[in-house]
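Residues per chain are reported as follows:
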Amino acid sequence: MEPKEQAVSDPRDWTEDEVAARIRELRCRLGREVLILAHHYQRDAVVGLADAVGDSLKLAQAAAATSARHIVFCGVHFMAETADILTGPEQAVYLPEQRAGCSMADMATPEALDWAWEGLAAAKAGKVIPITYVNSAATLKAFVGRHGGTVCTSSNARNVLAWALSQADKVFFFPDEHLGRITAHDLGVPLTDMPVWDRALPLGGLTPEAVRAARVYLWNGFCVVHQMFFPEDAVDWRHKEPGIRVIVHPECPIEVIREADAYGSTEMIARAVDAAPAESKWAVGTEINLVARLAERNPDKLVVSLSPHQAICANMYRTRPLSVLRVLEGLAAGKPPPAVRVPASVAGQARLALDRMLDLS
Ligand code: SF4
């Protein structure tokens, strides 16, 4: 059996309050050298530690604007990569949980994109602008930078896609089929003009004629969390709570979005619920941590998850206050953990694409 002091000194044995107190102490010591960013889908205990909380766009802008030397990014890997690309070489970005990835981002690889791009050229598709959702690896952002395209988030997808459609006859949208579909459709592109590009098949499973006739190609990637919402969920809530408003994220399938009263990014959802009148009722179709937080800070309203199941992002949930504490202890001791570094050959082209996006936002 270990001596009591030794056991007590191990942060894994501390209470959440003790961990939070130690983090506050280290924050004071490290001062403005450190910026902690947290995505809306992080658990409450992590959000409570952050200097800024937001969606991908807001956090990318915060990273681009800060002069802090150390950025602790409580989110998933592609977000930390984006922050690294947007910050200077003297700054470092740390992902407190190295294994926090994104299954949607993993659904598109540069090799698969190169294969698709060659197919488009062989099928004589004409001028195509590639757009990658920010939920993608830095190598994909470099791909779009190299091919005259850009990046979008769920906040600015409409502006970005409108720009792309004004530049070329065709747009290749990846990796989220659903965000691409609803955005293009709301810009007036008929559903019949936006075939799904099956990433496992030659030419995306399309004929050369279909490739030439299309306006937008939709890569068949998706977010597992936002596939947990169904149109029937909205019908059920309206039956149970007359007058309830349904608001969902654009990563949901179009059938769910069409059944909702409104859709938008996590920032837009949070703003809409926070600004709503007392006594209003909301069924929210996005990750459960944000929904629970909205419910807690709006006790005068009914705020529920649209899904009867736990729509949780397991990758976002990996980060705990203890993960943040480990990074800060390393920084305070002069032994920082490995930073997320995007190789210069990738970062340059990806930066081009991200700068185009920030200009369009
Ligand atoms: S919520 Fe979906 S898109 Fe966002 S990080 Fe999790 S898996 Fe990826």
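Remember, it's a predicted structure, so these values are computed and weren't measured experimentally.

About the cut-offs
- Residues numbered from 1 in each chain as written.
- Predicted model: local features only at pLDDT ≥ 70, side-chain atom pairs only at ≥ 80, totals over all residues.
- Heavy atoms only, no water.
- Axes fitted to C-alpha atoms, helices over the stretch in contact; angles between N-to-C directions.
- Helix = DSSP H or I, 4+ residues; strand = E, 2+ residues; numbered from the N terminus.
- Parallel < 35°, antiparallel > 145°, perpendicular 65-115°, else oblique.
- Left-handed = near helix turned anticlockwise from the far one by under 90°.
- Contact = heavy atoms within 4.5 Å.
- Near = heavy atom within 4 Å.
- Nonpolar A, V, L, I, M, F, W, Y, C, P; charged D, E, K, R; others polar.
- Pairing = 2+ DSSP bridges.
- Disulfide = S-S within 2.5 Å.
- Buried < 20%, exposed > 50% of the residue type's maximum accessible area, 1.4 Å probe, protein only.
- UniProt positions renumbered as here; feature names shortened; annotations may be inferred.
- Domains from an automatic or database assignment.
- Buried area = accessible area lost by both parts, 1.4 Å probe.
- Salt bridge = Lys/Arg side-chain N within 4 Å of Asp/Glu carboxyl O.
- Polar contact = N/O pair within 3.5 Å; in protein donor to acceptor, adjacent residues only side chain to side chain.
- Phe/Tyr/Trp six-rings, centres within 6.5 Å; stacked < 30°, edge-to-face > 60°.

(A) Examining the packing of helix α13 (residues 266–275) against helix α14 (residues 288–297) more closely. Contact pair α13 / α14: the axes reach a minimum separation of 10 Å and the direction vectors enclose 20°. Taken together, the axes of α13 and α14 lie roughly parallel to each other. At the point where α13 passes α14, the crossing takes the right-handed sense. In this structure, α13 contributes Thr266, Ile269, Ala270, Val273 and Asp274 to the contact, and α14 contributes Leu290, Leu294 and Arg297.

(B) Spatial organisation of the site of the ligand. Every residue near the ligand is listed here: Tyr41, Val76, Cys102, Ser103, Asn135, Cys223, Val225, Glu251, Cys313 and Met316. Along the lines of polarity and charge, the residues of the shell around the ligand split into 7 nonpolar, 2 polar and 1 charged.

(C) Layout of the sheet that holds strand β5 (residues 128–133). Overall, parallel pairing links the 5 strands, which are arranged β6-β5-β7-β9-β8 in an open sheet. Edge positions in the sheet fall to β6 (150–152) and β8 (196–197), since each of these pairs with one other strand and no more. Sheet topology note: the β5/β6 ladder contains 3 bridges and is parallel. In the strand pairing of β6, Tyr133 is matched with Cys152. With respect to the sheet, helix α7 (residues 138–146) is in contact with β5, β6 and β7 (170–174), its orientation differing from that of β5 by roughly 155°.

(D) Representation of the state of the cysteines. For the coordinates displayed, the defined rule picks out 0 disulfides. Looking at the unpaired Cys152, the closest cysteine sulfur is the one in Cys102, lying at 13 Å. Residue Cys252 stays outside any disulfide, its sulfur separated by 8.3 Å from that of Cys223, the closest cysteine. Cys252 sits in the buried class, given a relative accessible area of 0%.

(E) Local environment of the UniProt feature "binding site: iminosuccinate" (unreviewed entry) in the protein chain. On the UniProt side, "binding site: iminosuccinate" (unreviewed entry) is annotated at positions that read His39, Ser56, Tyr133, Val134, Asn135, Ser154, His249, Pro250, Glu251 and Thr266 here. Of note, Asn135 is situated in the loop between β5 and α7. According to the relative accessible area criterion, Asn135 is buried, its value standing at 8%. Note on placement: His249 falls in the loop between β10 (245–248) and α12 (254–259). The buried category is assigned to His249, whose relative accessible area is 2%. Excluding its chain neighbours within four sequence positions, the residues that come into contact with His249 are Tyr41, Tyr133, Ser154, His226, Ile257, Gly264, Ser265, Thr266, Ile269, Gly285 and Thr286.

(F) Local environment of the sheet that holds strand β4 (residues 92–94). Read across the sheet, 4 strands follow the order β2-β1-β3-β4 without closing on themselves; strand pairing throughout is parallel. For this open sheet the edge positions go to β2 (52–54) and β4, each flanked by a neighbour on one side alone. This sheet shows a mean twist of 20° between the axes of neighbouring strands, independent of strand direction. Two elements, strand β1 (residues 34–39) and strand β3 (residues 70–74), share 5 bridges in a ladder whose sense is parallel.

(G) Main features of the domain arrangement of the protein chain. Domain annotation of the protein chain identifies domain 1 (4–101 + 316–344), domain 2 (105–223) and domain 3 (230–305). Inter-centroid distance (C-alpha atoms) of domain 1 to domain 2 is 33 Å. With 8 residues of domain 1 at the contact, the number on the domain 2 side is 10 residues. Taking both sides of the interface into account, the surface hidden between domain 1 and domain 2 amounts to around 690 Å²; carbon and sulfur atoms contribute 66%. Interface area lost by domain 1 to domain 2 is led by Leu57, Phe78 and Glu81, which between them contribute 58%. At the junction of domain 1 and domain 2, the tally comes to 0 salt bridges. Inspection of the region where domain 1 meets domain 2 yields 2 residue pairs in polar contact (both at pLDDT 80 or more). Those elements giving two or more residues to the side of domain 1 that touches domain 2 turn out to be α4 (56–65) and α5 (77–86). Here the side of domain 1 that touches domain 2 gets 4 residues from one element, more than from any other, and that element is α5.

(H) The arrangement of the packing of aromatic side chains in detail. Counted by the stated rule, this structure contains 8 aromatic pairs. Measuring from ring centre to ring centre gives 5.4 Å for Trp117 and Phe143, while their planes differ by 85°; the resulting arrangement is edge-to-face. A residue pair is termed long-range when its members are at least 10 positions apart, and Trp117 in helix α6 (residues 110–122) and Phe143 in helix α7 qualify at 26 residues. On the accessibility criterion, Trp117 (19% relative accessible area) is buried. On the numbers, 5.7 Å between centres and 75° between planes, the contact of Trp197 with Tyr217 is edge-to-face. Remark: Tyr217 occurs in strand β9 (residues 216–219) and Trp197 occurs in strand β8; sequence separation between them is 20 residues.

(I) View of the UniProt feature "binding site: [4Fe-4S] cluster" (unreviewed entry) in the protein chain. Within this structure's numbering, the places UniProt gives as "binding site: [4Fe-4S] cluster" (unreviewed entry) are Cys102, Cys223 and Cys313. These annotated residues cover 212 residues of sequence, and their C-alpha atoms lie no more than 9.3 Å from one another, placing them together at a single site. Mapped onto the elements of the fold, Cys102 is located in the loop between β4 and α6. Filtering out sequence-adjacent residues up to four positions away, Cys102 remains in contact with Val76, Phe78 and Asn315. Residue class for Cys223 comes out buried when judged on its relative accessible area of 11%.

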